[in-house]
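# Residue-level structure breakdown
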Amino acid sequence: MTEVPLGIPEMPAPDYPDEVRERLERDAKEIIARYPDSRSALLPLLHLVQSEEGHVTRTGQRFCAETLGLTTAEVNAVATFYTMYRRKPSGDYQVGVCTNTLCAVMGGDAIFDELKDHLGVGNDETTGDGRVTLEHIECNAACDYAPVVMVNWEFFDNQTPDSAKRLVDDLRAGREVVPTRGASLCTFKETARILAGFPDQRAGAVESGGGAGPASLVGLRLAKGEAPTGRVVSPRAEPQPGEPGTRGTGENGTAPGEAPPTHPSSHDAPRDTAASDPSHPSGPVTGDEGADGRDTNQ
Ligand code: FES
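Residues numbered from 1 in each chain as written. Predicted model: local features only at pLDDT ≥ 70, side-chain atom pairs only at ≥ 80, totals over all residues. Heavy atoms only, no water.

### Points about the side chain of Ser51
Tracing the backbone shows Ser51 in helix 2 (residues 42–53). Within the structure, Ser51 has its side chain in polar contact with the backbone oxygen of Leu48 (distance 2.6 Å). With sequence-adjacent residues up to four places away left out, Ser51 is seen in contact with Lys189, Ala192 and Arg193. (Helix = DSSP H or I, 4+ residues; strand = E, 2+ residues; numbered from the N terminus. Polar contact = N/O pair within 3.5 Å; in protein donor to acceptor, adjacent residues only side chain to side chain. Contact = heavy atoms within 4.5 Å.)

### A look at the pattern of salt bridges
Side-chain pairing between opposite charges can occur once the charged atoms of the two side chains come close. Scanning the entire structure with this criterion turns up 14 salt bridges. Here Lys165 and Glu114 are joined by a salt bridge, their closest N and O atoms 2.9 Å apart. Placement of Lys165 in helix 6 (residues 161–173) and of Glu114 in helix 5 (residues 101–119) is noted, with a sequence separation of 51 residues between them. For Glu114, a relative accessible area of 33% puts it in the partly exposed group. Between Asp162 and Lys165 there is a salt bridge, and its shortest N-O distance comes to 3.8 Å. Of this pair, Asp162 and Lys165 both sit in helix 6, three residues apart, which is roughly one turn of that helix. Take Lys165: its relative accessible area is 18%, and that puts it in the buried class. (Salt bridge = Lys/Arg side-chain N within 4 Å of Asp/Glu carboxyl O. Buried < 20%, exposed > 50% of the residue type's maximum accessible area, 1.4 Å probe, protein only.)

### Remarks on the sheet that holds strand 1 (residues 93–98)
Hydrogen bonds between backbone groups are what pair the strands of a sheet, and the pairing can be parallel or antiparallel. On the basis of which strands lie adjacent, the open sheet formed by five strands has the order 2-3-1-4-5 and mixed pairing. Each of the sheet's edge strands pairs with one partner strand only, and the pair in question is strand 2 (125–126) and strand 5 (154–156). (Pairing = 2+ DSSP bridges.)

### What about a nonpolar patch on the surface?
A cluster of nonpolar side chains, contributed by Leu43, Phe81 and Tyr82, occupies part of the molecular surface with about 320 Å² of accessible area. If you trace the backbone, Tyr82 turns up in the loop between helix 4 (72–79) and strand 1. Of the residues examined, Tyr82 reaches a relative accessible area of 38% and is grouped as partly exposed. (Patch = residues over 30% accessible without salt bridge, like charges linked within 9 Å, V, L, I, M, F, W, Y side chains within 5 Å. Areas by Shrake-Rupley, 256 points an atom, 1.4 Å probe, with all protein chains shown as cover.)

### Digging into the nonpolar core
Of all hydrophobic cores here, the largest spans 23 residues; its most connected members are Leu46 and Leu48. Those elements that place two or more of their residues in this core are helix 1 (18–32), helix 2, helix 3 (58–68) and helix 4. Residues in contact with Leu48, not counting those within four places in the same chain, are Leu24, Asp27, Ala28, Ile31, Arg193, Ala196 and Phe198. Within the second largest apolar cluster, 19 residues are counted, among which are Phe112, Leu134, Phe156 and Val168. (Core = buried A, V, L, I, M, F, W, Y, C linked by side-chain atoms within 4.5 Å.)

Purely geometric stuff here, so don't read any function into it on its own.
Printed below as a string of C-alpha coordinates:
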(Lines give C-alpha, C1' and ligand atoms only; values in the text may rest on other atoms or scores of the structure.)
Protein backbone atom coordinates (compact mmCIF):
# COMPACT_ATOMS: atom_id res chain seq x y z
CA MET A 1 0.00 0.00 0.00
CA THR A 2 1.37 3.41 -0.93
CA GLU A 3 2.25 5.54 2.07
CA VAL A 4 0.78 9.04 1.98
CA PRO A 5 3.01 11.60 3.71
CA LEU A 6 1.45 13.34 6.70
CA GLY A 7 -0.13 16.70 5.92
CA ILE A 8 -0.98 15.84 2.30
CA PRO A 9 -4.69 15.12 1.82
CA GLU A 10 -5.24 11.61 0.47
CA MET A 11 -7.02 11.33 -2.89
CA PRO A 12 -10.32 9.44 -2.74
CA ALA A 13 -9.94 5.79 -3.66
CA PRO A 14 -11.01 5.10 -7.26
CA ASP A 15 -14.18 3.08 -7.75
CA TYR A 16 -14.42 -0.36 -9.32
CA PRO A 17 -15.50 -0.63 -12.95
CA ASP A 18 -19.31 -1.00 -13.15
CA GLU A 19 -19.20 -4.68 -14.05
CA VAL A 20 -16.92 -5.52 -11.12
CA ARG A 21 -18.92 -3.43 -8.67
CA GLU A 22 -22.20 -5.07 -9.70
CA ARG A 23 -20.70 -8.52 -9.26
CA LEU A 24 -19.22 -7.66 -5.87
CA GLU A 25 -22.49 -6.11 -4.72
CA ARG A 26 -24.32 -9.32 -5.58
CA ASP A 27 -21.79 -11.40 -3.65
CA ALA A 28 -21.76 -8.96 -0.73
CA LYS A 29 -25.54 -9.14 -0.45
CA GLU A 30 -25.31 -12.91 -0.12
CA ILE A 31 -22.63 -12.64 2.57
CA ILE A 32 -24.44 -9.96 4.57
CA ALA A 33 -27.64 -12.02 4.61
CA ARG A 34 -25.86 -14.58 6.80
CA TYR A 35 -25.55 -12.17 9.72
CA PRO A 36 -28.11 -10.49 11.99
CA ASP A 37 -26.05 -7.28 11.91
CA SER A 38 -24.50 -6.23 8.59
CA ARG A 39 -21.24 -4.96 10.14
CA SER A 40 -20.52 -8.53 11.27
CA ALA A 41 -19.89 -9.29 7.60
CA LEU A 42 -16.75 -7.16 7.44
CA LEU A 43 -14.21 -10.00 7.68
CA PRO A 44 -15.70 -12.09 4.85
CA LEU A 45 -16.22 -8.93 2.81
CA LEU A 46 -12.52 -8.12 3.12
CA HIS A 47 -11.76 -11.62 1.83
CA LEU A 48 -14.19 -10.97 -1.03
CA VAL A 49 -12.45 -7.78 -2.18
CA GLN A 50 -9.10 -9.54 -1.69
CA SER A 51 -10.30 -12.26 -4.08
CA GLU A 52 -10.84 -9.59 -6.70
CA GLU A 53 -7.43 -7.92 -6.66
CA GLY A 54 -5.19 -10.24 -4.65
CA HIS A 55 -4.88 -7.75 -1.81
CA VAL A 56 -7.04 -5.28 0.07
CA THR A 57 -6.83 -2.04 -1.89
CA ARG A 58 -8.16 1.34 -0.87
CA THR A 59 -10.91 0.76 -3.42
CA GLY A 60 -11.77 -2.50 -1.68
CA GLN A 61 -11.83 -0.83 1.73
CA ARG A 62 -14.09 1.91 0.38
CA PHE A 63 -16.42 -0.70 -1.09
CA CYS A 64 -16.64 -2.49 2.30
CA ALA A 65 -17.28 0.79 4.12
CA GLU A 66 -20.02 1.93 1.75
CA THR A 67 -21.66 -1.49 1.70
CA LEU A 68 -21.71 -1.90 5.47
CA GLY A 69 -22.31 1.68 6.55
CA LEU A 70 -18.88 1.96 8.21
CA THR A 71 -16.16 4.59 7.92
CA THR A 72 -13.09 3.77 5.87
CA ALA A 73 -11.07 4.29 9.08
CA GLU A 74 -13.02 1.49 10.77
CA VAL A 75 -12.48 -0.81 7.81
CA ASN A 76 -8.81 0.09 7.63
CA ALA A 77 -8.36 -0.64 11.34
CA VAL A 78 -9.64 -4.18 10.83
CA ALA A 79 -7.86 -4.81 7.52
CA THR A 80 -4.50 -3.79 8.98
CA PHE A 81 -4.94 -5.81 12.18
CA TYR A 82 -5.21 -9.30 10.67
CA THR A 83 -2.25 -10.77 8.82
CA MET A 84 -4.51 -12.76 6.48
CA TYR A 85 -5.28 -9.53 4.64
CA ARG A 86 -2.54 -8.40 2.32
CA ARG A 87 -1.86 -4.74 1.90
CA LYS A 88 0.23 -4.86 -1.26
CA PRO A 89 0.31 -6.94 -4.47
CA SER A 90 1.88 -10.37 -3.92
CA GLY A 91 2.29 -13.78 -5.53
CA ASP A 92 -0.22 -16.48 -6.44
CA TYR A 93 1.11 -18.60 -3.59
CA GLN A 94 1.87 -17.22 -0.18
CA VAL A 95 4.50 -19.51 1.30
CA GLY A 96 4.67 -19.02 5.04
CA VAL A 97 7.41 -20.68 7.06
CA CYS A 98 6.65 -20.99 10.75
CA THR A 99 9.62 -19.64 12.67
CA ASN A 100 7.98 -19.57 16.07
CA THR A 101 9.83 -21.31 18.86
CA LEU A 102 9.09 -24.98 18.30
CA CYS A 103 9.20 -24.90 14.51
CA ALA A 104 12.35 -22.77 14.66
CA VAL A 105 14.29 -25.28 16.76
CA MET A 106 12.94 -28.18 14.70
CA GLY A 107 14.29 -26.65 11.49
CA GLY A 108 11.99 -23.75 10.56
CA ASP A 109 14.78 -21.20 10.66
CA ALA A 110 16.92 -23.35 8.35
CA ILE A 111 14.01 -23.82 5.96
CA PHE A 112 13.37 -20.08 5.81
CA ASP A 113 17.05 -19.30 5.18
CA GLU A 114 17.31 -21.91 2.42
CA LEU A 115 14.13 -20.72 0.74
CA LYS A 116 15.40 -17.14 0.76
CA ASP A 117 18.54 -18.25 -1.08
CA HIS A 118 16.69 -20.63 -3.37
CA LEU A 119 14.04 -18.09 -4.41
CA GLY A 120 16.29 -15.02 -4.30
CA VAL A 121 13.80 -13.06 -2.18
CA GLY A 122 13.60 -11.85 1.40
CA ASN A 123 10.76 -11.82 3.90
CA ASP A 124 7.46 -10.57 2.40
CA GLU A 125 8.97 -10.41 -1.07
CA THR A 126 7.71 -11.98 -4.29
CA THR A 127 9.58 -13.90 -6.97
CA GLY A 128 9.98 -12.17 -10.34
CA ASP A 129 7.49 -14.52 -11.99
CA GLY A 130 4.79 -13.43 -9.53
CA ARG A 131 4.21 -16.98 -8.33
CA VAL A 132 5.55 -17.10 -4.77
CA THR A 133 5.60 -14.65 -1.88
CA LEU A 134 7.80 -15.81 0.99
CA GLU A 135 7.14 -14.82 4.56
CA HIS A 136 7.71 -15.69 8.19
CA ILE A 137 4.55 -16.77 9.94
CA GLU A 138 3.75 -17.13 13.60
CA CYS A 139 2.61 -20.34 15.28
CA ASN A 140 -0.38 -21.83 13.51
CA ALA A 141 -1.14 -24.42 16.16
CA ALA A 142 0.35 -27.31 14.22
CA CYS A 143 3.38 -27.58 16.50
CA ASP A 144 3.01 -31.35 16.75
CA TYR A 145 4.02 -31.51 13.09
CA ALA A 146 6.88 -29.02 13.34
CA PRO A 147 8.43 -27.65 11.32
CA VAL A 148 5.43 -26.63 9.24
CA VAL A 149 5.10 -24.57 6.09
CA MET A 150 1.78 -23.10 5.00
CA VAL A 151 0.84 -22.27 1.44
CA ASN A 152 -2.28 -20.14 1.08
CA TRP A 153 -3.12 -21.29 4.63
CA GLU A 154 -2.91 -25.01 3.87
CA PHE A 155 -0.53 -27.12 5.96
CA PHE A 156 2.63 -28.92 4.89
CA ASP A 157 3.84 -30.89 7.89
CA ASN A 158 7.26 -32.16 8.94
CA GLN A 159 9.15 -30.13 6.38
CA THR A 160 12.86 -30.06 5.64
CA PRO A 161 14.82 -27.55 3.55
CA ASP A 162 14.83 -30.01 0.62
CA SER A 163 11.11 -30.79 0.77
CA ALA A 164 10.31 -27.06 1.03
CA LYS A 165 12.48 -26.30 -2.01
CA ARG A 166 10.71 -29.04 -3.99
CA LEU A 167 7.42 -27.53 -2.91
CA VAL A 168 8.17 -24.01 -4.18
CA ASP A 169 9.70 -25.41 -7.38
CA ASP A 170 6.46 -27.29 -8.07
CA LEU A 171 4.37 -24.22 -7.34
CA ARG A 172 6.41 -22.13 -9.74
CA ALA A 173 6.26 -24.83 -12.42
CA GLY A 174 2.47 -25.04 -12.13
CA ARG A 175 2.46 -28.67 -10.99
CA GLU A 176 -0.36 -29.95 -8.80
CA VAL A 177 0.47 -29.70 -5.12
CA VAL A 178 -1.48 -31.43 -2.35
CA PRO A 179 -1.20 -30.27 1.25
CA THR A 180 -1.14 -32.60 4.25
CA ARG A 181 -4.75 -31.75 5.08
CA GLY A 182 -7.14 -30.54 2.42
CA ALA A 183 -7.61 -30.56 -1.32
CA SER A 184 -5.07 -29.49 -3.97
CA LEU A 185 -3.85 -25.94 -3.61
CA CYS A 186 -5.54 -23.12 -5.48
CA THR A 187 -4.30 -19.57 -5.98
CA PHE A 188 -4.42 -16.90 -3.31
CA LYS A 189 -7.36 -15.15 -5.02
CA GLU A 190 -9.30 -18.41 -5.22
CA THR A 191 -8.48 -19.13 -1.58
CA ALA A 192 -9.74 -15.67 -0.60
CA ARG A 193 -13.09 -16.37 -2.26
CA ILE A 194 -13.44 -19.62 -0.31
CA LEU A 195 -12.61 -17.73 2.90
CA ALA A 196 -15.34 -15.24 2.02
CA GLY A 197 -17.69 -18.17 2.45
CA PHE A 198 -18.38 -19.30 -1.10
CA PRO A 199 -18.41 -23.03 -1.97
CA ASP A 200 -15.06 -24.76 -2.17
CA GLN A 201 -15.19 -26.29 -5.66
CA ARG A 202 -11.91 -28.19 -5.44
CA ALA A 203 -12.14 -31.93 -6.00
CA GLY A 204 -11.98 -33.74 -2.66
CA ALA A 205 -12.34 -30.51 -0.66
CA VAL A 206 -15.12 -31.88 1.55
CA GLU A 207 -13.80 -35.42 1.93
CA SER A 208 -10.30 -34.27 2.85
CA GLY A 209 -11.48 -31.81 5.50
CA GLY A 210 -10.11 -34.23 8.07
CA GLY A 211 -9.88 -34.06 11.81
CA ALA A 212 -6.89 -34.02 14.11
CA GLY A 213 -3.88 -36.03 12.94
CA PRO A 214 -2.37 -38.89 14.98
CA ALA A 215 0.38 -36.77 16.54
CA SER A 216 -2.22 -34.28 17.80
CA LEU A 217 -4.11 -37.06 19.54
CA VAL A 218 -1.18 -38.69 21.34
CA GLY A 219 -1.83 -36.81 24.60
CA LEU A 220 -5.50 -37.75 24.55
CA ARG A 221 -4.65 -41.38 23.89
CA LEU A 222 -2.13 -41.40 26.73
CA ALA A 223 -4.72 -39.87 29.08
CA LYS A 224 -7.12 -42.63 28.15
CA GLY A 225 -4.45 -45.29 28.58
CA GLU A 226 -4.74 -46.17 24.93
CA ALA A 227 -1.07 -45.90 23.98
CA PRO A 228 0.66 -48.53 26.13
CA THR A 229 3.79 -48.67 24.03
CA GLY A 230 4.18 -44.91 23.75
CA ARG A 231 4.89 -45.38 20.07
CA VAL A 232 3.96 -42.27 18.12
CA VAL A 233 1.91 -43.30 15.12
CA SER A 234 2.47 -40.41 12.77
CA PRO A 235 2.64 -39.76 9.04
CA ARG A 236 6.40 -40.02 9.42
CA ALA A 237 6.29 -43.70 10.31
CA GLU A 238 8.89 -45.76 8.47
CA PRO A 239 7.32 -48.38 6.17
CA GLN A 240 8.09 -51.96 7.08
CA PRO A 241 10.30 -54.07 4.79
CA GLY A 242 8.33 -55.13 1.73
CA GLU A 243 5.65 -52.47 2.20
CA PRO A 244 5.06 -50.03 -0.62
CA GLY A 245 7.20 -46.98 -0.01
CA THR A 246 10.15 -48.83 1.53
CA ARG A 247 13.15 -46.60 1.13
CA GLY A 248 15.51 -47.51 -1.62
CA THR A 249 13.50 -50.41 -2.97
CA GLY A 250 12.28 -48.47 -5.95
CA GLU A 251 9.16 -50.65 -5.85
CA ASN A 252 6.81 -47.77 -6.35
CA GLY A 253 9.10 -45.26 -7.96
CA THR A 254 9.53 -43.29 -4.73
CA ALA A 255 12.90 -41.59 -4.55
CA PRO A 256 14.92 -41.97 -1.35
CA GLY A 257 13.68 -39.53 1.27
CA GLU A 258 10.38 -38.81 -0.49
CA ALA A 259 6.96 -39.51 0.92
CA PRO A 260 5.22 -42.68 -0.32
CA PRO A 261 2.30 -42.09 -2.70
CA THR A 262 -0.13 -43.01 0.07
CA HIS A 263 1.04 -40.14 2.29
CA PRO A 264 -1.57 -37.41 2.70
CA SER A 265 0.65 -34.65 1.35
CA SER A 266 2.57 -34.68 -1.88
CA HIS A 267 5.34 -32.71 -0.21
CA ASP A 268 5.90 -33.99 3.32
CA ALA A 269 9.24 -35.41 4.21
CA PRO A 270 8.07 -38.00 6.70
CA ARG A 271 11.26 -40.03 6.92
CA ASP A 272 13.71 -37.25 7.49
CA THR A 273 12.49 -36.10 10.87
CA ALA A 274 12.28 -37.27 14.45
CA ALA A 275 10.50 -40.59 14.06
CA SER A 276 13.22 -42.08 11.91
CA ASP A 277 16.29 -39.87 11.90
CA PRO A 278 18.90 -40.70 14.58
CA SER A 279 20.62 -37.36 14.05
CA HIS A 280 17.45 -35.32 14.59
CA PRO A 281 17.71 -33.03 17.65
CA SER A 282 14.74 -34.67 19.33
CA GLY A 283 16.19 -38.13 18.76
CA PRO A 284 14.56 -41.09 17.04
CA VAL A 285 11.57 -43.02 18.29
CA THR A 286 13.07 -46.21 19.70
CA GLY A 287 10.02 -48.25 20.62
CA ASP A 288 11.31 -48.47 24.23
CA GLU A 289 9.10 -45.67 25.46
CA GLY A 290 6.72 -46.47 28.28
CA ALA A 291 3.08 -45.46 28.54
CA ASP A 292 4.17 -42.01 29.71
CA GLY A 293 6.34 -41.60 26.61
CA ARG A 294 9.66 -41.83 28.52
CA ASP A 295 12.41 -44.19 27.48
CA THR A 296 12.21 -47.21 29.77
CA ASN A 297 15.96 -47.83 29.37
CA GLN A 298 16.84 -44.63 31.22
S1 FES B 1 5.53 -23.26 16.47
FE2 FES B 1 5.15 -23.69 14.37
S3 FES B 1 3.08 -24.35 14.34
FE4 FES B 1 3.44 -23.88 16.43
